[in-house]
Structures are given as structure tokens and as C-alpha cells.
Amino acid sequence: MGSLTGRRILYTGAAGGLGHQTTLELLEAGAEICALDHDLHKIEQLLADTPADRRSQLHLVEVDLADRLALETTLAKLVADAPLDAVINNAAVYPARPFEEFSNADHDHVHAVNVAAALACTKAALPGMRAQGWGRIINITSITLTGGWENLAPYVQSKGALLGLTRAWAREFGKWGITVNAIAPGAFPTDAEKIHPDPEGYNAMVLDRQSIKRRGHAGDIAASIKFFLSDEAGFITGHSLAVNGGWTMH
Ligand SMILES: NC(=O)c1ccc[n+]([C@@H]2O[C@H](COP(=O)([O-])OP(=O)(O)OC[C@H]3O[C@@H](n4cnc5c(N)ncnc54)[C@H](O)[C@@H]3O)[C@@H](O)[C@H]2O)c1
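Residues numbered from 1 in each chain as written. Predicted model: local features only at pLDDT ≥ 70, side-chain atom pairs only at ≥ 80, totals over all residues.

*Asks:* Before we move on, could you go through the overall build of the protein and cite the residues and values that matter?
*Replies:* The secondary structure content of the protein amounts to eight helices and seven strands. Relative to a compact globule of 250 residues, whose C-alpha radius of gyration would be 18 Å, the protein shows 17 Å and is just as compact. Its C-alpha atoms give the protein principal-axis dimensions of roughly 45 × 40 × 40 Å. Counting the 250 residues in the protein, one finds 40% classified as buried. Taking as baseline every contact in the protein between residues at least 6 positions apart, the subset at least 24 positions apart corresponds to 76%. (Helix = DSSP H or I, 4+ residues; strand = E, 2+ residues; numbered from the N terminus. Rg over C-alpha atoms; globule rule 2.2 N^0.38 Å. Buried ≥ 20, exposed ≤ 12 C-beta atoms within 10 Å, placed from the backbone. Contact = placed C-beta atoms within 7 Å.)

*Asks:* Account for the sheet that holds strand S5 (residues 135-140), with residues named and values stated.
*Replies:* Read from one edge to the other, the open sheet built from seven strands follows the order S3-S2-S1-S4-S5-S6-S7, with strand pairing classed as parallel. Two strands lie at the open edges of the sheet, namely strand S3 (58-62) and strand S7 (240-243), each paired on one side alone. On average, each strand axis in the sheet is inclined to that of its neighbour by 15°, with strand direction left out of account. Both S5 and strand S6 (residues 178-185) contribute to a ladder of six bridges, which runs parallel. Of the residues in S6, the one forming a bridge with asparagine 139 is alanine 182. (Pairing = 2+ DSSP bridges. Axes fitted to C-alpha atoms, helices over the stretch in contact; angles between N-to-C directions.)

*Asks:* If you had to explain the environment of aspartate 37 to someone new, which residues and values would you point to?
*Replies:* Mapped onto the elements, aspartate 37 comes out in strand S2 (residues 32-37). Along the backbone, aspartate 37 and leucine 65 are 28 residues apart, and their C-alpha atoms lie at a distance of 7.6 Å. Here aspartate 37 is in contact with Gly13, Ala14, Ala15, Lys42, Ile43 and Glu62, once residues within four sequence places are set aside.

*Asks:* Tell me what's going on with the site of the ligand, and back it up with residues and numbers.
*Replies:* Looking at the ligand, there are 29 residues lining it, with Gly13, Gly16, Gly17, Ala92 and Thr190 nearest. Looking at side-chain class alone, the shell around the ligand contains 15 nonpolar, eight polar and six charged residues. (Near = placed C-beta within 6 Å. Nonpolar A, V, L, I, M, F, W, Y, C, P; charged D, E, K, R; others polar.)

Have a look at this one:
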């Protein structure tokens, strides 16, 4: 696959478990990354792990994606500096409890981070992509959308919204050379997994369900992201790619 040299990519939640490794790989492939995250500790870790000769390609912005005004101010500045070639809508929160225990405010917060921020990021990047007749949008969804998971109603709802947007945007933006695809990770051992009370039992259950008998790692997600960003994937749009070791199959 071709290099990503010169590609300017907006990446939300880039300092997280899957984002950290993927960001390092995208930097290595020559991309410039505008990384938005609100976790200062993780941001500092990402900066520390970035090789010195790649640091000029990394623009780290500490911002709360649920703070609409702060996000829009950040995005306006980023696109004023230079157009964006790609957006990876990756940041997510995943509170877990029975449906009846979620307040309206809980639902609103999940929607703000997991969906509304993706709307804002995509809207900000679109004019530049249209002007150059090339663009890539990748929405990170989840196996929970196809597997039927309990206690995750707002999260699963938000991933359903992202899948719907993937298809609607793919249809609407294709005429401008912009592809829009979704990646649905299976179970990866990141912070997202710490919501499970019995780690060993959970690990055994995951391996039992998967066809591939090893745990997924961030490099598996990075590879699929690099594929959708490539010129070679330019005829694929509106697709949802399951990266789950052959757990759910559709
Ligand atoms: N890890 C898994 O097993 C798994 C499974 C299915 C789907 N996914 C999806 O993959 C994506 C990445 O997940 P991950 O495992 O890296 O999770 P993670 O929690 O490690 O990373 C999410 C990142 O988003 C950031 N974030 C959260 N709220 C934010 C806010 N308000 N403002 C700014 N940044 C915010 C966090 O700081 C974090 O760095 C998510 O969309 C998640 O739903 C992960």
C-alpha cells in the first residue's frame, strides 16, 4: 500500500488504547496527525512514545469532545491551519449499567462524545475534502452492535448511529471522491475491557467465541485503518469491516 506522506488526519481519542498504537503507525507511514483527546496523562504518554523525528507530524490537542464550543473552536483553528484529508471518528465513552439506571443526561453525554463530536469533525473537514476531490472518513463502531450486549444501551445506540451515518455519508460524499467506512472492533484488551469484573473469565470467554485463538491487538485495528486510508481502497465505501477474530460473522 502507498505511503501516507503528507496526509493530514484528524483522529479523535487518539491517545486511547487502540488510538495510541495506531497513531504511532500512521506517523511512521508519513501522516500528519491532529490528535484530539481529553486525557492529559494519555496525551503525555503518546508524546513520550513518539520518536523524536516524528514529533513535528503530531499535533496534540487537549479538548473535551462533549464541550461543543471548545470542540468547534479547536476544529476551526485546525482547518484554518491546513485542510484535512481524513477523519477518524474513534473517541468513545462506554458506561455500563442496566438500562433503567441511565439518566437522560447519561444518554446525552454518550451521544455528545460518540456521535455529535463525529458530526462536528466531519462537517469541519468536508469543505477541504470536497475542494481537493479526495477524502477518507472512518467511523469506529463496535462488535456490540451485532452481538447483542446487555448493560450498554447508550453505547450500542451510539454505534448504531455511527453505522447509519457511515452509509448516509458514503452515499452523499462519494461524488466528491470521499469514501466513508466503518470498522467494528471485537474485544481488545484496552481500558474498555476494564468494565468487566472477572478479567480471566472474560479472556477465556473471548478466546472461546473467536475463530482466531489469540487476543486482538491495536496493530490489527491500525492495519484496517491504514487500508481504508489508502488510495487502493478508493472503490470501497459504505462498508463495515468486522475486526474481531471471527467472532460475529455477517
Ligand atoms: N477496546 C475494545 O475492545 C473495543 C471494542 C469495540 C469497539 N471499540 C471502539 O474502539 C474505539 C477506541 O476504543 P479504545 O479501546 O481505544 O478505548 P479507550 O477508552 O482506550 O480510548 C478512547 C479514547 O477517547 C478519549 N475520550 C473519551 N471521552 C472523551 C472526551 N469527552 N473528549 C475527548 N476525548 C475523549 C479517551 O480519553 C480515550 O483516550 C472506541 O470507539 C470504542 O468504542 C473498542
